[in-house]
Amino acid sequence: MRIAMIGTGYVGLVSGACFSEFGVTVTCVDKDESKIERLKRGEIPIFEPGLDKLVASNAAAGRLHFTTDLSEAVTGADAVFIAVGTPSRRGDGHADLSYVFGAAREIAAAMDRYTVVVTKSTVPVGTGREVEKVIREARPDADFDVVSNPEFLREGSAINDFMRPDRVVIGAETERAREVMRQLYRVLYLIETPILFTSLETSEMIKYAANTFLATKITFINEIADLCERAGADVHDVAKGIGLDGRIGRKFLHAGPGYGGSCFPKDTLALVRTARDLGAPLRIVETVVDINDKRKKAMADRIVAAAGGDLRGKTVAVLGLAFKPNTDDMRDAPSLDIVPALVAAGARVRAFDPESMDEARKVLSGIEFCDNAYDTMAGADVLAILTEWNEFRSLNLNRVKELMAAPVMVDLRNVYEPEMMAKAGFTYTSIGRPWPYGGRGAAPAAG
Ligand SMILES: NC(=O)c1ccc[n+]([C@@H]2O[C@H](COP(=O)([O-])OP(=O)(O)OC[C@H]3O[C@@H](n4cnc5c(N)ncnc54)[C@H](O)[C@@H]3O)[C@@H](O)[C@H]2O)c1
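Bear in mind that the values here come from a model prediction, so they are computed numbers and not experimental data.

Draft legend 1. Focus on the overall build of the chain. The helix and strand tally for the chain stands at 17 helices and 14 strands. The C-alpha radius of gyration of the chain comes to 24 Å, within 12% of the 22 Å expected for a compact globule of 447 residues. C-alpha extents for the chain along the principal axes are approximately 75 × 50 × 45 Å. Burial statistics for the chain: of 447 residues in total, 52% are counted as buried. For the chain, the share of sequence-separated contacts (at least 6 apart) that also reach a separation of at least 24 residues comes to 72%. When the accessible surface of the chain is split by element, carbon and sulfur atoms take 51% of a total near 19600 Å².

Put into structure tokens, the structure is as follows:
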């Protein structure tokens, strides 16, 4: 089979490479010429573990191609996937669908046979029908079906998520379109992955309901963490205690600085807008959005407090800038709220992230970018962990102490154990874990 993947970003490139691994001939298209040039040279424009090898082997096997010419890719394709961005529209929070409709018009002009047009981008309910109209208006003669096939991969483990998903959701309304999709996902069908066929609207809704549910789960444990701080309870153990309940599950119960990234913030907001427009407001999700925004903004206060209430003239070492480990993606990362607030409070900020430094330089100013974790700490008054990269989990604490002006750590990802930090002689702030450790009001054990 042959497919075209329109948009070669985090989702398009991973999906394209994985379909080619399934044996499909894939042409990935992007408007960004430099991206396509780099891919043709064998360079990967994003950081995603394992993607370099997957792209190289499938390109060498002649199954994976890259082009800026959309019509060349669409001609002769059995299915065309739209995997372009759907960012928040400025001002109102609705999903900006201009890239989706732009791609649909270009696809319409190039189709030369029965084609299944698949929206893989996350799009509000009703978009599939609109895509159908856009194509029909441009090409009344065209033979096509529109299908919704939302993507659930997570950056950082994207290949495994695509190759071994919990489920595949396909909104398709003709048997002909369902058959093309069955063929494309044959490999997953053979390993008994649940494949759920629904209507277009239901499929679109499933994606938003899944993301807003997960964002709600994170926000729930974040609020429980705040309560734990007041009550002398340990959110780490509370999360374990509730997560072991099969009805709740352990994932997405890590208290932290608030969710960020390229999906949850924009998708929660877009669903809130859709629900209001349709006259069925989602009050839980509205509250989640509000709590999360305020939480990210309030995180800098913890660092100010750890520095004794005043950051003027002080140095803060920041470890981690990407919204989560194993990605270089900076979109809506908590660091984008926290770091500017530290600078505004008068701090000198020295920061390091293993993969996102190039992206971070584009969006953060007035700070010093360092070459490695220890480099950030020279003379620092506070060390703040913003992203839980593995290499920050096993810092040599003696070396950290020697480098810093004072052994003060603010751990917004609960990477370290309070007891261990006390023994190592640090003043330590976590999210929702008792300090001094051992319960409310216990004697400090630092020394
Ligand atoms: N990033 C994730 O983890 C993730 C996970 C699931 C779903 N999604 C959804 O997938 C979609 C894509 O997200 P992403 O993170 O891959 O975005 P991205 O910004 O990384 O990539 C989008 C790409 O599309 C290209 N593009 C835009 N219009 C085009 C056109 N007409 N022709 C060719 N190329 C075009 C852009 O140049 C860009 O390279 C979004 O709707 C997102 O919500 C993302």
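Picking up after the structure, the text goes on.
Draft legend 2. Up close: helix α12 (residues 264-277). The end-to-end C-alpha distance of α12 is 20 Å, a good match for the 20 Å that 14 residues give at a rise of 1.5 Å each. For α12, the tally of buried residues reaches 10 of 14 residues, placing the bulk of the element in the interior. For α12, every residue scored as buried is listed here: Phe264, Pro265, Lys266, Asp267, Thr268, Ala270, Leu271, Val272, Thr274 and Ala275. Each element contacted by the buried residues of α12 is listed here: α10 (200-231) and α13 (283-306). Where α12 ends, the next residue or the one after it, Gly279, has phi of about 75°, a positive value.

Draft legend 3. Unusual backbone geometry, seen in detail. For Asn326, which is not glycine, the phi torsion reads 65° and is therefore positive. Checked against the element boundaries, Asn326 lands in the loop between β9 (315-319) and α14 (335-344).

Draft legend 4. Geometry of the pattern of salt bridges. For the structure on display, the rule yields 34 salt bridges. Put simply, Glu201 and Arg129 hold a salt bridge, and the shortest N to O gap is 2.7 Å. One end of the pair, Glu201, is in helix α10; the other, Arg129, is in helix α6 (residues 127-138), and 72 residues separate them in sequence. The exposure class of Glu201 is partly exposed, given its relative accessible area of 26%. Residue Arg178 pairs with Glu175 through a salt bridge whose shortest N-O separation is 3.1 Å. Pair noted here: Arg178 and Glu175 are both in helix α8 (residues 175-184), with a separation of three residues, about one helical turn. One salt-bridge network, in which partners are shared between bridges, spans Arg129, Glu132, Glu173 and Glu201.

Draft legend 5. Structural view of the confidence of the model for the chain. In this model, the chain carries an average pLDDT of 96, and 98% of its residues clear a pLDDT of 70 or more. Note that residues 439-447 has pLDDT below 50 and, in this model, 17 contacts with residues that lie over four places away or in other chains.

Draft legend 6. Up close: the sheet that holds β9. Strand order in this open sheet of six strands is β11-β10-β9-β12-β13-β14, and the pairing throughout is parallel. Every interior strand has two partners, whereas the edge strands, β11 (368-369) and β14 (427-429), have only one. For β9 and strand β10 (residues 348-352), the ladder comprises five bridges, and the chain directions are parallel. The partner of Val316 across the bridge, within β10, is Val349. Relative to the sheet, α13 contacts β9, β12 (382-385), β13 (408-411) and β14, its axis offset from that of β13 by approximately 165°.

Rules used in this analysis
- Numbers given for residues are sequential positions, taken from 1 along each chain in its written order.
- Totals for whole chains, interfaces and linings use all residues, but because this is a predicted model, local features are given only for residues with pLDDT of at least 70 and pairs of side-chain atoms are given and counted only at 80 or more.
- Each side-chain value is derived from all of the structure's non-hydrogen atoms; neither hydrogens nor water enter the calculation.
- Each helix is a run of DSSP H or I of at least 4 residues and each strand a run of E of at least 2, with the numbering of both proceeding from the N terminus.
- For the radius of gyration, the atoms used are the C-alpha atoms, and the globule rule reads 2.2 Å times the number of residues raised to 0.38.
- The cut-offs for exposure are 20% and 50% of the maximum accessible area for each residue type, with area from a 1.4 Å probe on protein chains only; residues under the lower value are buried, those over the upper are exposed, and the others partly exposed.
- Contacts were defined at the residue level, with two residues in contact if any of their heavy atoms lie within 4.5 Å.
- Computed by Shrake-Rupley with a 1.4 Å probe, the accessible areas treat only the displayed protein chains as cover when residues are assessed.
- Here a helix's expected span is defined as the number of its residues, less one, multiplied by 1.5 Å.
- Salt bridges are identified by distance alone: a Lys or Arg side-chain nitrogen within 4 Å of an Asp or Glu carboxyl oxygen.
- A residue's pLDDT is simply how confident the predictor is in it, with values from 0 to 100.
- DSSP-based pairing: two strands are paired if at least 2 bridges between them are found.
- Axis angles are defined between N-to-C directions and span 0 to 180 degrees, where every axis is a line fitted to C-alpha atoms and, for a helix, only to the segment in contact.

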